[in-house]
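# Coordinate inspection notes
The residues making up each chain are set out below.
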Amino acid sequence: MKLVVQVKLLPSPEQVAALEATLRACNRAADHVSRIAFETGVRDRNGLQKLVYGDVKAVFGLSAQPAVRVVKKVADAYSALAASLKAGRLGGPSSKRYRKAVGSPAVFRPEAAQPFDDRCLSWQTDVRTVSIWTVDGRMRGIPYTGSADQLKTLAGYRKGESDLVRRGGKWFLIATCDLPDPEAFEPVDWVGVDRGIVNLATTSDGTNYQGRRLARYRRWQARKRAELQAKRTRSATRRMARQAKKEQRHATHLNHGISKEIVSVAMGAPPARAKPSVGEHRSWDRRRAAGRDSGPGTASPRPAGRVLLMAVSPVGTAPRL
């Protein structure tokens, strides 16, 4: 079973400059390779590498293995594009999105993520540092940090490539970990989960996770977004981008908490749920006594959404989705 672990790098100013120059050089090289692939029609990794390997090393200052990784990144981009076109995700051949996708070469952002293998990047998990190739030479002893569970998984199961990512001015490494498959079990019961918008999740045992608070938060964010859009300034645009990421993190956090609680119930452990206030108890009692919905975010007998089934495991084993 493959998982990814994200850790945060803590580089010095000198190391930050080297990492930034490396990302920019790799993505300039990727744009060059992408143009050649578009013009020649060669999209496979081996054929493309024969065409551009020497130029990538000579023009962009990349060593052998980073040059190979750049070619692989471009080949994967065109493979993903071909899969999207085949699946119809960009519409039909006459649609504007389809014509735009096939009418120009793939373009990479100056700070797009770059994959590194074990020849370019080594981990020292005992002291929590990494050594990484850059255009300014090998940068050794870059510290990293993460949660205890992530660091434990990284130390025991890391295998394969790692991606160097810059996001919001911070640096991250996303490492691939190959964990052993969990032990199979025969479920003793099932928990159905119906997902929706008014009600984020409703389980088959009667537990309802309402979206009232999240909807109120989103309406507040929409008002702020409208105020910023009315200003029409560059600073307002940057602030809107930060607000959008903040809203996304908030929704992700709520969904993660709901998922953990449902899984803990399926595993037989008591859920770590915050104790509701007296007002919430009374409000719920009134709605239950009335036997009907009293507004957005309240319980409904059949919330619209997608039904999931989760296997309830015997004690001591993990649930199965």
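See above for the structure.
In this report, the structure presented in the accompanying data block is examined. Since the model is a prediction, treat every value here as computed from it, not as a measurement.

The rules behind each value
Residues numbered from 1 in each chain as written. Predicted model: local features only at pLDDT ≥ 70, side-chain atom pairs only at ≥ 80, totals over all residues. Heavy atoms only, no water. Helix = DSSP H or I, 4+ residues; strand = E, 2+ residues; numbered from the N terminus. Buried < 20%, exposed > 50% of the residue type's maximum accessible area, 1.4 Å probe, protein only. Areas by Shrake-Rupley, 256 points an atom, 1.4 Å probe, with all protein chains shown as cover. Pairing = 2+ DSSP bridges. Axes fitted to C-alpha atoms, helices over the stretch in contact; angles between N-to-C directions. Parallel < 35°, antiparallel > 145°, perpendicular 65-115°, else oblique. Left-handed = near helix turned anticlockwise from the far one by under 90°. Contact = heavy atoms within 4.5 Å. Nonpolar A, V, L, I, M, F, W, Y, C, P; charged D, E, K, R; others polar.

### Quick notes on the overall build of the protein
Helix and strand counts for the protein come out as 8 helices and 11 strands. Each of the 321 residues in the protein was classed as buried or not, and the buried ones make up 33%. Only carbon and sulfur atoms are counted for the fraction: they give 54% of the accessible area of the protein, which is about 20,000 Å².

### Here we look at the environment of V59
Structurally, the position occupied by V59 is in helix α2 (residues 45-60). On the accessibility criterion, V59 (60% relative accessible area) is exposed. For V59 and A25, which are 34 residues apart along the polypeptide, the C-alpha to C-alpha distance reads 9.8 Å.

### Re the sheet that holds strand β3 (residues 121-124)
With antiparallel pairing, 7 strands are arranged side by side in an open sheet as β2-β6-β7-β1-β5-β4-β3. Looking at which strands have only one partner, the edges of the open sheet turn out to be β2 (114-116) and β3. Averaged over all pairs of adjacent strands, the angle between their axes in this sheet comes to 35°, without regard to strand direction. Bridge analysis of strand β1 (residues 2-9) against strand β5 (residues 137-145) gives 2 bridges, and the strand direction is antiparallel. Residue pairing across strands places L9 opposite Y144, the latter belonging to β5.

### A short note on the packing of helix α1 (residues 13-40) against helix α3 (residues 64-87)
Packed helix pairs are specified by the crossing angle of their axes together with the interaxial distance, meaning the distance between the axes. Contact geometry of α1 with α3 gives a least axis separation of 9 Å together with a crossing angle of 55°. With respect to their mutual orientation, α1 and α3 come out oblique. As α1 runs across α3, the sense of the crossing is right-handed. For the pair formed by α1 and α3, the contact residues are C26, N27, A29, A30, V33, S34, A37 and F38 on the first element and V70, K73, V74 and Y78 on the second. Class assignment for the residues of the contact of α1 with α3 results in 9 nonpolar, 2 polar and 1 charged.

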